[in-house]
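Tertiary structure, described
These are the residues of each chain, in order.
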Amino acid sequence: MSVEELNRLFGIPGLAEFEEGNGGLTKLVIAAEGSLAEVYLLGAHVTSWTPAGGEDVLWLSRESRYEIGKPIRGGIPICHPWFGPLEGDSSAPIHGYVRLTCLEVESISPTDDGGVSAVLWRRFGKPPGDNWPGDFELRLRVTVGRSLSVAAETLNRGQRDLVISEALHTYFRVSDVRKVRVTGLAGAAYWSKATGGRAVQGPEPLTFTAQTDSVYRHSAGEVVLHDPQMLRAINVAKRGSKSTVVWNPWIEKAAAMPDFGDDEWPEMLCIEAANALDDAVAVPPGKTHVIETIISVEPCRHGVTV
Ligand code: TA6
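Conventions adopted
- Residues numbered from 1 in each chain as written.
- Predicted model: local features only at pLDDT ≥ 70, side-chain atom pairs only at ≥ 80, totals over all residues.
- Heavy atoms only, no water.
- Pairing = 2+ DSSP bridges.
- Helix = DSSP H or I, 4+ residues; strand = E, 2+ residues; numbered from the N terminus.
- Near = heavy atom within 4 Å.
- Polar contact = N/O pair within 3.5 Å; in protein donor to acceptor, adjacent residues only side chain to side chain.
- Areas by Shrake-Rupley, 256 points an atom, 1.4 Å probe, with all protein chains shown as cover.
- 1 Å grid on protein atoms, 1.4 Å probe; cavity = no way out; pocket = protein on both sides within 12 Å on 5 of 7 lines; lining within 4 Å.
- Sits in = over half its atoms within 2 Å of the grid points.
- Nonpolar A, V, L, I, M, F, W, Y, C, P; charged D, E, K, R; others polar.
- Axes fitted to C-alpha atoms, helices over the stretch in contact; angles between N-to-C directions.
- Core = buried A, V, L, I, M, F, W, Y, C linked by side-chain atoms within 4.5 Å.
- Buried < 20%, exposed > 50% of the residue type's maximum accessible area, 1.4 Å probe, protein only.
- Contact = heavy atoms within 4.5 Å.
- Phe/Tyr/Trp six-rings, centres within 6.5 Å; stacked < 30°, edge-to-face > 60°.
- Lys, Arg positive; Asp, Glu negative; His and termini not counted.
- Salt bridge = Lys/Arg side-chain N within 4 Å of Asp/Glu carboxyl O.

Across 3 bridges, the pairing between strand 14 (residues 189–192) and strand 15 (residues 198–200) is antiparallel. Note on strand 15: the bridge partner recorded for Ala 189 is Val 200. The loop that links strand 14 with its antiparallel partner strand 15 comprises 5 residues; one of these, Gly 196, has a positive phi angle of about 85 degrees. Relative to strand 16 (residues 212–216), strand 14 is paired through 3 bridges, and the arrangement is antiparallel. In the strand pairing of strand 16, Tyr 190 is matched with Tyr 216.

Here the focus is the site of the ligand. The environment of the ligand is made up of Arg 73, Phe 83, Ile 94, His 95, Arg 99, His 169, Lys 193, Asp 213, Val 245, Trp 247, Lys 253 and Glu 272. Between the ligand and the protein, one listed contact pairs an oxygen atom with a side-chain N or O atom of Glu 272 at 2.8 Å. Within the complex, the protein chains bury 87% of what would otherwise be the 390 Å² of accessible surface of the ligand. The cavity where the ligand resides is the second largest pocket. A class-by-class count of the residues in the shell around the ligand yields 4 nonpolar, 2 polar and 6 charged.

Turning our eyes to something else, we now look at the sheet that holds strand 22 (residues 288–299). An order of 6-7-8-9-22-18-17-13 is seen for the 8 strands of this open sheet, with the pairing classed as antiparallel. Here the strands that pair on one side only, and so sit at the sheet edges, are strand 6 (104–110) and strand 13 (181–183). Across the sheet, the axes of successive neighbouring strands diverge by a mean angle of 15 degrees, strand direction being ignored. Here 6 bridges tie strand 6 to strand 7 (residues 116–124), and the two strands are oriented antiparallel to one another. When the bridges of strand 7 are listed, Ile 108 appears paired with Ala 118.

What follows is about the nonpolar core. Judged by nonpolar contacts, the single largest core of 75 residues is most densely connected at Phe 18, Ile 108, Leu 148, Val 182, Phe 208, Leu 225 and Leu 269. Within the second largest apolar cluster, 7 residues are counted, among which are Ala 167, Val 215, Val 245 and Ala 274.

This next bit is on the environment of Leu 103. Topologically, Leu 103 is positioned in the loop between strand 5 (78–79) and strand 6. Relative accessible area serves as the criterion here: at 3%, Leu 103 is assigned to the buried category. Taking C-alpha positions, Leu 103 is 36 Å from Phe 208, a pair spaced 105 residues apart along the chain. Leu 103 has contacts with Leu 41, Gly 43, Ala 44, Val 98, Leu 120, Trp 121, Arg 122, Phe 124, Leu 138 and Leu 140, leaving out every residue within four places of it along the chain.

Another aspect to go through is the packing of aromatic side chains. Under the definition given, this model contains 9 aromatic pairs. Judged by centre distance (4.9 Å) and plane angle (35 degrees), the ring pair of Trp 59 and Phe 260 falls under tilted. Of this pair, Trp 59 sits in the loop between strand 4 (45–50) and strand 5 while Phe 260 sits in the loop between helix 2 (250–256) and strand 20 (268–275), and the two are 201 residues apart along the sequence. Note on accessibility: Trp 59 and Phe 260 belong to one class, buried. Aromatic side chains Tyr 171 and Trp 247 sit 6.0 Å apart centroid to centroid with 85 degrees between the ring planes, which places their arrangement in the edge-to-face category. A residue pair is termed long-range when its members are at least 10 positions apart, and Tyr 171 in strand 12 (residues 171–173) and Trp 247 in strand 19 (residues 243–248) qualify at 76 residues. You'll find Tyr 171 and Trp 247 in the same group, each marked buried.

So, on to the side chain of Arg 99. Summarising the element assignment, Arg 99 is placed in the loop between strand 5 and strand 6. The charged side chain of Arg 99 is buried without a salt bridge, its nearest counter-charge being Asp 259 at 7.3 Å. Among the polar contacts listed, one links the side chain of Arg 99 to the backbone oxygen of Ile 94, at a separation of 3.2 Å.

That's the geometry; what it means functionally is another story.
Structure representation (structure tokens):
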């Protein structure tokens, strides 16, 4: 559907309008409550959110590709219907196929508190792989206002349980990953994909001195990213998520990724609402499951660190 057709059917002048984005891909631009956000139809991918009076909260690589069939590097990739590699099928795309596919617009509407809510959706029938999950509908509800919410609702259209793993793989923009702190994961058991080790997070805030790729189990609570240099703390709340993933590729891994600038790794940190590994979710036939990340920003007093 053309940008013109989408604006005629769904656009709200001054609040939510479609336009051509990078790579000729269609994006939705939302301006609500002083907040500005961009959502590509490819993967229902939020690529930018700038709260009123603030700076962009999301990080995007300058080397990102914008092509159907390839993931955008940065913003909030929707990893679904599996997280990471697909067990038993090395040909399957890492982090599933939703982020590689264009979704359709179902609705765009103002919210009661002056924001805007957009719903993108698609029915994913039984794909070719034997191990791939079954027949489901996925709805992404993006709500932009004083905070940003992204909710992924899976409706099982098949005849048996649909087992999925998933992540709202948010890339946050930071001043310097070596100078930020993360709180809210104390006491959570985690597996480090970077070192292969397993441990329980201590009471101290997380700090970053090397490649970090940790999957925290039983972590349903709010996580806070403290960035004194940017004078802000980013609150990452969530719903329907038992795992939290924290990732920074650091020097070598960043250099090995063609869609990630070699010198970009200090500018970002991923904090992901997920259901990964043993936290995979079984959705019964005809039922739905929702995972949501709710992001808000608070100014933090100059120089106050955790
Ligand atoms: O969420 C962390 C992670 O699983 C890392 O292991 C790394 O692979 C990252 O996702 C990015 O994956 P991608 O397929 O987008 O390059």
